[in-house]
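# Structure at a glance
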Amino acid sequence: MGTRAQQASSSSNDNKRKRRALSDDDGKTSNRPSKQQMVEQAANEDSLLLSKEHSQGDMSDVIAELSEIVLENPENAFRVADIPSEEKNRAKRANGRSTKDGAGDDEPQSRPSPMKQLLSIAAAQHSPLLEHTAHLAILSLLAIFKDIIPAYRIRLPDVKEMAVKVSKDTKQLWDYEKALLDHYQQFLKIMEKTWANKGKGLDNPPKVAIVAIISMAEMLKSAFHFNFRSNLLSAVIRPMNHPVVGDYCCAAISHIFSHDAQGEVSLEAARQVSKMIQIRNFKVRPAVIRTFVSLPLRVHVDEAQAAKLVTKANAKKRKKDKELASIQAELKEGDATVDKIHLARNQSDTLQAVTLTYFRILKHENHTAMRDVLPATLEGLAKFAHLINIDTVIDLLAVLKELLSKIETLPLDAALNCILTAFQTLQGPGKELQIDHKEYVGPLYCQIPRITSEENSLKHTELLLRCLSAAFLKQKEYSNIRVAAFVKQIMTASMHSPPHTAVPLLAFARQLFQRYPSAQQLLENENDVITSGEYAPDVIDPEQSNPYSTSGWELATLKFHIHSSIASQAKGAASSKLLQLPSEGPDRLRKETLEHAAFLYIPFHHGNIKKHPLSQKTADKKSRPRFITPRRTKSLFVEADTFPLDWKPLHSFADMNLAKKK
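Residues numbered from 1 in each chain as written. Predicted model: local features only at pLDDT ≥ 70, side-chain atom pairs only at ≥ 80, totals over all residues. Heavy atoms only, no water.

Turning to its location among the elements, Ile256 is positioned in helix α12 (residues 246-259). Each C-alpha atom, one on Ile256 and one on Thr291, is 10.0 Å from the other, the two residues being 35 residues apart in sequence. Ile256 has contacts with Leu220, Phe224, Leu233, Val265 and Ser266, leaving out every residue within four places of it along the chain. (Helix = DSSP H or I, 4+ residues; strand = E, 2+ residues; numbered from the N terminus. Contact = heavy atoms within 4.5 Å.)

Structural data, given as structure tokens:
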């Protein structure tokens, strides 16, 4: 046993010596270098020239190897390493060079850090092969920085702090943070330069440029609290109107608006977006304007003014004691809580920048050029109208009246958002003005028939329900004729709309029947009601439509609809049955109907159908159904053997009479 072990160990040692000799024999065994050799070659000064000699698979292996080294030990990823003389000589022999008389064997050669190597690969974009490897390196660096960036903003020590003697751990932390910021800044510069040189001004930029701008957008989403956020914001906001990468940039800005707790980054982003829109003369995509809707603004302008006064009073106190002010500022940086006064001030300034952009679009001279961005603008105004002050309300209502005067030329979403903005304004800060809502209810009445088309019903039904709710449910309507006209118009639109629109409209009609009992007169028979005139559904003013001269006959037809939800809602409306909220709310019913339509599912209820007797499973024998067998009767036909021999068929009635007498 011992001799076998000695033989095995000796043979393994011989194999190791052979492999070392073959590896040192100027690459005679194989022309392809190993991963470690490729990493060492990429670390040299002429790494770009060496990377051209390798295939895409080789360079992807190098990038993966370097990324693993960085993620395994991020603290050492930024340090420059020393190469021993053996590895130096092996690298020279691999490149066809040899040392002369052994000179320089003991001199160490410095190797760039793994992060520096990845940055050099990402910056090399002189050929299609290098562009592919650069795009892989950018994605790897993106994943690395998203993983190692801390959750706080790094503040480098100043000259005075550097002069103070600190511990070894603190010194290492300062060095690590400084190296992290330097390499992170280089990474941002590489991506910005890549987009500026290869993608700016092109409708179809190359892949490496698209990867660069998308990586910056992803970096902004995950590290908008970190250093160099202003550089990232400006780099991502500029291409928001691009046809290819614009959606990624808009998604990144919307993410900041919805996740910024303090509101400071949102304020900076909103100002830059507003400036970009103004520079382009408001000729931007609707998605750019729609990013403002993601802002969670809750502070009224008057509350923000009070917060600013408190901030000024606190600033005067800090001037008296500067040391205490500096200490409080440092404590606030490390505190994870949200300063409500600071948040109110930031939200007020953000609201001012956003509403100013909205008003500039609404007051633009060329409304035809603003046709694309007008729906998104009015959508944002409808959301933030309740936060503006009374002085701005008067100007806003004047602009909305001008738009409503030519509402037929507007798209349906723009028209409905214009009406919704007016209702939100009058129910919020404009409540003190005591303006009649008739000027905005009339245009809403004319927009209901437009919802019957397939495209409008799919996109704008929820918006129509919000307008109807703001007009009749959130406030009291004192004109019974106006309410009845809207109920009749809603039932007529339900006759010609798809199920995902007809069901919530009928549910809303039931809500109107409950809130306004006078509208139930439409459920009576026309012969039982004494009226004068004819029903005119195509008038502009709903009070002139004379709705009580007709009836809700549409419900009698919709009761037999193939869609069970439409039939049940029509039966409930015809019988004045109370709506079961929230299970039968219009929004919830629309969502369920859309889900059914996506799966091509139509709910069907059998109703009271009598079951077959055999389907009833009963244990009692007496209750089981009995099947009576028919009684055997004598056949009416005479058998052939019983016939008499002198029998003849009867051919006439005379023969029949003679046979009876006999």
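Take the confidence of the model for the protein next. Per-residue confidence for the protein gives a mean pLDDT of 79; residues scoring 70 or more make up 72%. The low-confidence segment residues 15-32 (pLDDT under 50) makes six contacts with residues lying over four places distant or belonging to another chain. This stretch, residues 42-53, has a pLDDT under 50; its non-local contacts, to residues over four places away or in other chains, come to 18 contacts. (pLDDT = per-residue confidence, 0-100.)

The next thing to look at is the packing of helix α6 (residues 114-123) against helix α9 (residues 168-198). The N-to-C vectors of α6 and α9 enclose an angle of 10°; their axes lie 10 Å apart at closest approach. Comparing their axes, α9 and α6 come out roughly parallel. Residue-level contacts link Met115, Lys116, Leu119, Ala122 and Ala123 of α6 to His183, Gln186, Phe187 and Ile190 of α9. Grouping the constituent residues of the contact of α6 with α9 by class yields six nonpolar, two polar and one charged. (Axes fitted to C-alpha atoms, helices over the stretch in contact; angles between N-to-C directions. Parallel < 35°, antiparallel > 145°, perpendicular 65-115°, else oblique. Nonpolar A, V, L, I, M, F, W, Y, C, P; charged D, E, K, R; others polar.)

What follows deals with the nonpolar core. In terms of nonpolar packing, the biggest core is built from 146 residues, with Phe145 and Leu444 touching the most fellow members. If one sorts the elements of this core by residue count, helix α20 (residues 412-427) sits on top with ten residues. In contact with Phe145, other than residues within four places in its own chain, are Met115, Leu180, His183, Tyr184, Phe187 and Met219. (Core = buried A, V, L, I, M, F, W, Y, C linked by side-chain atoms within 4.5 Å. Buried < 20%, exposed > 50% of the residue type's maximum accessible area, 1.4 Å probe, protein only.)

It is the contact of α9 with helix α10 (residues 207-222), at a shortest axis distance of 8 Å, that shows an interaxial angle of 135°. Classified by the interaxial angle, the pair formed by α9 and α10 is oblique. The chirality of how α9 crosses α10 is left-handed. For the pair formed by α9 and α10, the contact residues are Tyr184, Phe187, Met191, Glu192, Thr194, Trp195 and Lys198 on the first element and Val208, Ala209, Ala212, Ile213, Ser215, Met216 and Met219 on the second. (Left-handed = near helix turned anticlockwise from the far one by under 90°.)

The next thing to look at is the packing of aromatic side chains. Under the criterion given, the structure shown has ten aromatic pairs. Judged by centre distance (5.4 Å) and plane angle (70°), the rings of Tyr445 and Phe486 are edge-to-face. A residue pair is termed long-range when its members are at least 10 positions apart, and Tyr445 in helix α21 (residues 438-447) and Phe486 in helix α23 (residues 480-495) qualify at 41 residues. For the residue pair Tyr445 and Phe486, the accessibility class agrees, reading buried in each case. Grouped by ring-pair contacts, the aromatic residues Phe145, Tyr184, Phe187, Phe226 and Phe228 constitute a single cluster. Of note, Lys488 hangs over the ring of Tyr535, and the distance from its end group to the ring centre comes to 5.8 Å. (Phe/Tyr/Trp six-rings, centres within 6.5 Å; stacked < 30°, edge-to-face > 60°. Lys NZ or Arg CZ within 6 Å of the ring centre and 35° of its normal.)

Now for the pattern of salt bridges. Per the stated rule, a full pass over the model turns up 20 salt bridges. One salt bridge connects Arg229 with Glu268, and the closest N-O pair in it is separated by 3.4 Å. Pair noted here: Arg229 is in helix α11 (residues 229-237) and Glu268 is in helix α13 (residues 264-279), with a separation of 39 residues, a long-range link. A salt bridge links Lys438 to Asp541, with the nearest nitrogen and oxygen atoms 3.7 Å apart. One end of the pair, Lys438, is in helix α21; the other, Asp541, is in the loop between α24 (499-515) and α25 (553-558), with 103 residues separating them in the sequence. Here Lys438 falls in the partly exposed class, since its relative accessible area comes to 36%. Of the residues examined, Asp541 reaches a relative accessible area of 19% and is grouped as buried. Salt bridges here are not isolated pairs; linked through shared partners, they connect Arg229, Glu264 and Glu268. (Salt bridge = Lys/Arg side-chain N within 4 Å of Asp/Glu carboxyl O.)

Pro582 follows Leu581 through a cis peptide bond whose omega is 5°. Counting through the fold element by element, Pro582 comes out in the loop between α26 (564-574) and α27 (586-598). Although it is not a glycine, Asn546 adopts a positive phi angle of roughly 55°. By relative accessible area, Asn546 is classed as partly exposed at 25%. A positive phi angle is found at Ser576, which is not glycine, with a value near 55°. Mapped onto the elements, Ser576 comes out in the loop between α26 and α27. Taking relative accessible area as the criterion, Ser576 reaches 36% and is therefore assigned partly exposed.

Here the focus is the environment of Leu362. Structurally, Leu362 can be placed in helix α17 (residues 340-362). Overall, the relative accessible area of 2% leaves Leu362 in the buried class. For Leu362, the residues in contact, after removing those within four places along its chain, are His367, Leu374, Thr377, Leu378, Leu381, Leu396, Val399 and Leu403.

Looking at the secondary structure, you find His460 in helix α22 (residues 454-472). Taking the relative accessible area as the measure of exposure, His460 reaches 12% and is therefore buried. Once you skip the residues sitting within four places of it in the chain, His460 turns out to touch Leu412, Asp413, Leu416 and Ile451.

One can find Thr550 in the loop between α24 and α25. Of the residues examined, Thr550 reaches a relative accessible area of 13% and is grouped as buried. Leave out the neighbours within four places in its chain, and Thr550 touches Lys488, Leu522, Glu526 and Tyr535.

Quick look at the environment of Leu458 now. Tracing the sequence through the fold places Leu458 in helix α22. Note on Leu458: relative accessible area 48%, which makes it partly exposed. Considered as a pair, Leu458 and Leu594 are 136 residues apart in the sequence and their alpha carbons are 8.9 Å apart. Dropping the residues within four chain positions of it, Leu458 is found in contact with His500, Arg590 and Leu594.

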